[in-house]
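These are the residues of each chain, in order.
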Amino acid sequence: MTEPAVLFVCLGNICRSPMAEGAFRAEAERAGLRVTCDSAGTADYHVGEPPDPRAVQTARAHGVEIGHLRGRQLVAEDFHRFSHVLVMDHANLANARAIVPADAPTRPILLLDLVKGREGAAVADPYYGGEENFEYTWDDVTRAARALVTALRQ
């Protein structure tokens, strides 16, 4: 089996997707699962920038470091490079689907489609809310990370 390559996608790549990347890295490491992972945004607002300080703080409070990550934009080539492209919400899913090459082996899905009982739900964007919203986001991405690790180990 080839090593899974997972890409997490949100709008700006400074909150949800880097948190999801960090949560997944941590869960995969705990499970002894070798993976490649990254995160990207469908927009170019924060290319080269670190994650939002509130996202970094929330991840760090859970023992995960994401401060070294830098924003980048989703590109068509990602659908050839990654075996899984997991998107945070419906608007970004539509944006991702709009650039999938016809010959790409990977199609994007919602991240929470992996979590029983949360299929079709979006990971809420914590950016405009208080710090508690980042905790809710962390909970969502961690649940999805655990579900993904379980699925990849089968």
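First things first, this report covers the structure right here in the doc. In this text, all values refer to a predicted model and were calculated from it rather than measured experimentally.

1. Focus: the pattern of salt bridges
Then, in step 1: Going through the model one piece at a time under the given rule, you end up with 13 salt bridges.
Then, in step 2: As a salt-bridge pair, aspartate 38 and arginine 72 come within 2.9 Å of each other at their nearest N and O atoms. Of this pair, aspartate 38 sits in strand β2 (residues 36-41) while arginine 72 is found in the loop between α2 (53-61) and α3 (78-81), placing the two residues 34 residues apart along the sequence.
Then, in step 3: By relative accessible area, aspartate 38 is classed as partly exposed at 22%.
Then, in step 4: Through salt bridges with shared partners, one network takes in Asp38, Arg72, Asp78 and Arg81.

2. Details of the side chain of threonine 142
Then, in step 1: Following the sequence through the fold, threonine 142 ends up in helix α5 (residues 131-153).
Then, in step 2: A relative accessible area of 9% places threonine 142 in the buried class.
Then, in step 3: In contact with threonine 142, not counting residues within four places along its chain, are Ala23 and Glu27.

3. What about the nonpolar core?
Then, in step 1: Within the largest apolar cluster, 34 residues are counted, with the highest numbers of intra-cluster contacts made by Phe8, Phe24, Ile66, Leu111 and Val141.
Then, in step 2: Secondary-structure elements contributing two or more residues to this core are β1 (5-10), α1 (16-31), α2 and α5.
Then, in step 3: Ranked by residues supplied to this core, first place goes to α5 with 8 residues.
Then, in step 4: Apart from residues lying up to four places away in sequence, phenylalanine 8 is in contact with Ser17, Ala20, Glu21, Phe24, Cys37, Asp38, Ser39, Ala40, Leu86, Met88, Leu111 and Leu148.
Then, in step 5: Judged by nonpolar contacts, the second largest core, of 14 residues, contains Ala40, Leu74, Phe82 and Val100.

Rules and cut-offs
Residues numbered from 1 in each chain as written. Predicted model: local features only at pLDDT ≥ 70, side-chain atom pairs only at ≥ 80, totals over all residues. Heavy atoms only, no water. Salt bridge = Lys/Arg side-chain N within 4 Å of Asp/Glu carboxyl O. Helix = DSSP H or I, 4+ residues; strand = E, 2+ residues; numbered from the N terminus. Buried < 20%, exposed > 50% of the residue type's maximum accessible area, 1.4 Å probe, protein only. Contact = heavy atoms within 4.5 Å. Core = buried A, V, L, I, M, F, W, Y, C linked by side-chain atoms within 4.5 Å.

The values reported here are purely geometric and, on their own, carry no functional implication.
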